[in-house]
Every structure is written in C-alpha cells, then in structure tokens.
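Residue-level structural notes
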Amino acid sequence: SVVTAEQLRIEMQDDRSPLLIDVFATWCGPCKLIAPMLSSLADKLGSEVRVAKLDSDAHADLSTELRVAGLPTLIFMRDGKEVHRLEGVPGNAAALEQLAMQHLGVAP
C-alpha cells in the first residue's frame, strides 16, 4: 500500500516482520511495470512481509534520507536493517519472489 513518510518511518522501526519498500514516482514507466509484480508478491506472502510504496516526489526528504538515486528502488529490510537494495525492475515476478526468499527469508 502507498504510505506517507511518517507511516514508513513507523514501519521501518517495527522489526517484527520483514519489510519491502518500493520507492516510486507516478511518472516513472519502470515503476508501473513493477507494480503488478509487487501486488502479486504481497498477495502471496500475506502477513509474512509488509510491502510499502513510497512516492518519492511526495516524500522527497525521506527518499533522500534512504539514499534513493534511481527509480524504482526496492529496499529489503529484515530485523530493522536494510539487507538488500535493487535499483530498477527485476527480470520478472519469479525473480522478485527469488529476491524476497533470499533476502527476507520468506517463501511465497
């Protein structure tokens, strides 16, 4: 779901479950490509992983704080720490699932 900077800061403090952050912009073509993949992954993983989408234009301060250089940027967080980052679009939905399993320790 799309979150505000304040909501995301709260989510980032919560280390009870892994968090996948998608930093996007409404004008970004590749961001639109990744959206259905993320929705599908979120549906499959249910409550095991939180998926949060941050609009980099609406929340530029937090985007800068997260050192986001290109869009989309996926940030994988586990135990309250960043464990992996991907700039751009994973090859396909299966590749995204693979990243989630590898870095977040969950299986769809």
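Look above for the structure.
Position labels on residues start from 1 in each chain and follow its written sequence. Totals for whole chains, interfaces and linings use all residues, but because this is a predicted model, local features are given only for residues with pLDDT of at least 70 and pairs of side-chain atoms are given and counted only at 80 or more. Side-chain numbers come from the whole structure's heavy atoms, not from hydrogens or water.

What follows covers helix α2 (residues 29-45). Relative to the 24 Å expected for 17 residues at 1.5 Å per residue, α2 spans 25 Å between its end C-alpha atoms, a close match to the ideal helical length. Its maximal kink placed at Ala35, α2 deviates by approximately 25°, while the proline Pro36 follows within four residues. The contact criterion used throughout is that any non-hydrogen atoms of two residues lie within 4.5 Å. Helix and strand assignments follow DSSP, with helices taken as H or I runs no shorter than four residues and strands as E runs no shorter than two, numbered in order from the N terminus. Residues of α2 that are buried make contact with β2 (19-24), β3 (50-55), β4 (73-78) and α4 (93-104). An expected span of 1.5 Å times one less than the residue number is assigned to each helix. At every residue, the bend is computed as the angle between two fitted axes, covering the seven residues ending there and the seven beginning there respectively.

The next thing to look at is α4. In a regular helix each residue adds 1.5 Å, so 12 residues correspond to 16 Å; α4 covers 16 Å between its end C-alpha atoms and thus fits that length. Using a 1.4 Å probe on the protein chains alone, a residue whose accessible area is under 20% of its type maximum counts as buried, one over 50% counts as exposed, and one in between counts as partly exposed. Of the positions making up α4, those classed as buried are Leu96, Glu97, Leu99, Ala100, His103 and Leu104. Seen along its axis, α4 keeps its buried residues to an arc of 155°; they face one direction. When the buried face of α4 is taken as reference, the exposed residues oriented beyond 90 degrees from it are Ala94 and Gln102. Residues of α4 that are buried in the fold lie against β2, α2, β4 and β5 (81-87). Positive backbone phi, approximately 70°, marks Gly105, located one or two places after α4. This arc corresponds to the set of directions leading from the helix axis out to the C-beta atoms.

Time to look at the pairing of β2. Burial analysis of β2 places 6 of its 6 residues in the buried class, which makes it a mostly covered element. By the alternation rule, side chains of β2 split into Leu19, Ile21 and Val23 and Leu20, Asp22 and Phe24, which are all buried. Here β2 runs beside β3; their pairing, made up of 6 bridges, is parallel. Considered in β3, the bridge of Ile21 is made with Ala52. By definition, the crossover connecting two strands over a helix is right-handed if that path, from the first strand to the second, turns clockwise as seen with the strands pointing away from the viewer. As for the winding sense of the linkage, the β-α-β connection from β2 through α2 to β3 is right-handed. Both β2 and β4 contribute to a ladder of 5 bridges, which runs antiparallel. Of the residues in β4, the one forming a bridge with Leu19 is Met77. Only strands that DSSP links by at least two bridges are regarded as paired with each other.

By disulfide we mean two sulfur atoms from cysteines, separated by a distance within 2.5 Å. For the structure on display, the rule yields 1 disulfide. What pairs with Cys28 in a disulfide is Cys31, and their sulfur atoms sit 2.3 Å apart. Its S-S torsion of about 85° marks the bond between Cys28 and Cys31 as right-handed, since a negative value means left-handed. Note on accessibility: Cys28 and Cys31 belong to one class, buried.

The set of buried Ala, Val, Leu, Ile, Met, Phe, Trp, Tyr and Cys residues whose side-chain atoms join them within 4.5 Å is what this entry labels a nonpolar core. By size, the foremost hydrophobic cluster in this structure holds 16 residues, and its most contacted members are Leu20, Leu38, Val49, Leu74, Phe76, Leu96 and Leu104. Of all the secondary-structure elements, those providing two or more residues to this core are α2, β4 and α4. It is α2 that provides the largest number of residues to this core, a total of 5 residues. Not counting chain neighbours up to four residues away, the residues in contact with Leu96 comprise Met37, Leu38, Leu41, Leu74, Phe76 and Pro90.

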